[in-house]
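Descriptive analysis of the structure
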Amino acid sequence: MKRKFLPIALALVSSASLFGQSQRMVFVEEFTQASCGPCASANPAFTKLLMDNASKVNFLKYQTSWPGTDPMNKQNPTDVKTRVTYTGADKVGVPYAVQDGAVVKGGGYDGAPAGLTKAKIDAEYAIASPFSMKLDYWFNKANDSIFIKCKITCTQAATMTTPKLQVAMMEKLITFASAPGSNGEKAFEHVMRKMYPDANGSSLATNWTVGQTITLDFKGAIPSYIYKKTEIAAIAWIQDDANKNVKQSIYAPVPTSIPTSVDEEATATLNLNAYPNPSNGAVNINFEAVSSANYSVKIINAIGQVVYEEALSNFKGIYTKQIDIQKYGKGVYMLNIGNGEVQQVQKLVVY
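Residues numbered from 1 in each chain as written. Predicted model: local features only at pLDDT ≥ 70, side-chain atom pairs only at ≥ 80, totals over all residues. Heavy atoms only, no water.

1. So, the overall build of the chain
Assigned secondary structure in the chain consists of six helices and 21 strands. Against the compact-globule benchmark of 20 Å for 351 residues, the chain has a radius of gyration of 20 Å, which places it among compact chains. C-alpha extents for the chain along the principal axes are approximately 55 × 45 × 40 Å. Per-residue burial over the chain gives 52% buried out of 351 residues. For the chain, restricting intrachain contacts to residue pairs at least 6 apart in sequence, the fraction spanning at least 24 positions comes to 70%. In the structure as shown, the chain presents an accessible area of about 15200 Å², 56% of it carried by carbon and sulfur atoms. A distance of 1 Å separates the average location of the 34 positive side-chain charges in the chain from that of its 28 negative side-chain charges. (Helix = DSSP H or I, 4+ residues; strand = E, 2+ residues; numbered from the N terminus. Rg over C-alpha atoms; globule rule 2.2 N^0.38 Å. Buried < 20%, exposed > 50% of the residue type's maximum accessible area, 1.4 Å probe, protein only. Contact = heavy atoms within 4.5 Å. Areas by Shrake-Rupley, 256 points an atom, 1.4 Å probe, with all protein chains shown as cover. Lys, Arg positive; Asp, Glu negative; His and termini not counted. Charge placed at Lys NZ, Arg CZ, Asp CG, Glu CD.)

Written out as structure tokens, the structure is:
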């Protein structure tokens, strides 16, 4: 069955130009906390600036584990900690802000949200991006699982060193009847709630040619700690780990496609499954290719090295294989299954 789509005007919110150089959507990340006094002072003006420039900037906020109590951090501390370390927020403190991966300069100290201005957003927005992105997400009929699809198209030849696609579920607004921390804040905007497959992201090709496209699929249970499912949104960005530079970002504020049957939910991805996971030995991998294509099976370690690779020529049907992953050592790996147009990623843990 075909999916039903919302009106074109809404779909345009989650897509970018496919012709020539693409319009950049600036990406801002803030690290804040419900028991941080300076955060409570900085956030009203900072959030207003971002909201006032919503046509040029996408943003995501991470609730950190310090300096005091924050229930939103306790619900998913792992993804937050990974991004905290990645951006260097742990070396400065909160509140802390970065724009397209670069530390915001000025505002009292480097990383201060007050250092971000409309002029700085405009200057970054004026830099063309070599990519366009389309981001869709939807829920299953039971409303307990989320499916996310991100299509990347190269509109200008590009070379990166360690490119990753980062995908996150957010809650657009979380409000509390009484402040959950000690700084008095009761409302929290664009809060990161879950990253897919995790905060290490999904590896992308290093060299891109004009017209090259790839689609990555993610799925997972909606976390039980979500306060309001109606506030869920998706956000994605392309970032080069070598220099932290963000090439493009996209925000999907509402579900953009709705499956009309259980069968469509199943075929929306490759139905990738890996078990047991975590594992201390062999991992069983299976997926179903509903159309004939050349597929690749890759296992990538935490530093981006491909430790296992298999090519499947003109493959259609059910793939099943047992791989002894323990021999690659303990740690976190990414299992990538794709055919050049569609790719699905799953995290593997070896202990």
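2. A few points about the pattern of salt bridges
Under the counting rule described, the total for this entry stands at 15 salt bridges. For Glu-124, the salt bridge identified is with Arg-24, shortest N-O distance 3.9 Å. Residue Glu-124 is located in helix α5 (residues 118–125), and its partner Arg-24 is located in the loop between α1 (8–11) and β2 (26–32); the two are separated by 100 residues in the primary sequence. Per residue, the accessibility class of Glu-124 equals that of Arg-24, and both read buried. We note a salt bridge from Lys-105 to Asp-110, for which the minimum N-O separation is 3.5 Å. (Salt bridge = Lys/Arg side-chain N within 4 Å of Asp/Glu carboxyl O.)

3. Notes on the pairing of β2
Put simply, side chains in a regular strand alternate between the two faces of the sheet. Summarising burial for β2: seven of the seven residues are buried, a large majority. Burial along β2 is two-sided: Val-26, Val-28, Glu-30 and Thr-32 and Phe-27, Glu-29 and Phe-31, pointing in opposite directions, are all buried. Pairing analysis gives seven bridges linking β2 to strand β3 (residues 57–63), with the strands arranged parallel. Each residue of the ladder has a partner; that of Phe-31, found in β3, is Tyr-62. Regarding topology, helix α2 (residues 37–52) serves as the crossover connection from β2 to the parallel β3, and that connection is right-handed. One ladder, built from four bridges, connects β2 with strand β4 (residues 96–99); its direction is antiparallel. Across the sheet, Phe-31 pairs through a bridge with Tyr-96, a residue of β4. (Pairing = 2+ DSSP bridges. Right-handed = clockwise from strand over helix to strand, strands pointing away.)

4. So, the environment of Asn-143
The residue Asn-143 is located in the loop between β6 (131–139) and β7 (145–154) in this model. Overall, Asn-143 belongs to the partly exposed group, its relative accessible area being 32%. Remark: the alpha-carbon pair of Asn-143 and Ile-222, spanning 79 residues in sequence, is separated by 8.2 Å. Setting aside anything within four residues of it in sequence, one finds Asn-143 in contact with Ile-222 and Lys-229.

5. Overview of α2
Taking 1.5 Å per residue as the helical rise, α2 with its 16 residues ought to reach 22 Å, and the 24 Å between its terminal C-alpha atoms agrees with that figure. For α2, the set of buried residues is Cys-39, Asn-43, Phe-46, Thr-47, Leu-49 and Leu-50. Residues of α2 that are buried make contact with β2, β3, β4, α5 and β10 (187–196). (Expected span 1.5 Å × (residues − 1).)

6. Observations concerning empty space enclosed by the protein
Counted according to the given criterion, the structure contains one cavity of 30 Å³ or more. Here the largest cavity defines a volume of roughly 40 Å³. As for the largest cavity, its lining consists of Glu-30, Thr-32, Asn-43, Lys-61, Gln-63, Glu-185, Ala-187, Phe-188 and Glu-189. For the lining of the largest cavity, the elements supplying multiple residues, two or more each, are β2, β3 and β10. Sorting elements by how many residues they give to the lining of the largest cavity places β10 first, with three residues. Residues that form the lining of the largest cavity fall into these classes: two nonpolar, three polar and four charged. (1 Å grid on protein atoms, 1.4 Å probe; cavity = no way out; pocket = protein on both sides within 12 Å on 5 of 7 lines; lining within 4 Å. Points joined across faces, edges and corners; volume = space filled by probe spheres on them. Nonpolar A, V, L, I, M, F, W, Y, C, P; charged D, E, K, R; others polar.)

7. Here we look at the side chain of Thr-64
Tracing the backbone shows Thr-64 in the loop between β3 and α3 (71–75). At 2.8 Å, the side chain of Thr-64 and the backbone oxygen of Trp-66 are in polar contact. Contacts of Thr-64, omitting those with residues within four sequence positions, involve Phe-31, Thr-32, Gln-33, Asp-70, Asn-73, Val-80, Val-84 and Val-94. (Polar contact = N/O pair within 3.5 Å; in protein donor to acceptor, adjacent residues only side chain to side chain.)

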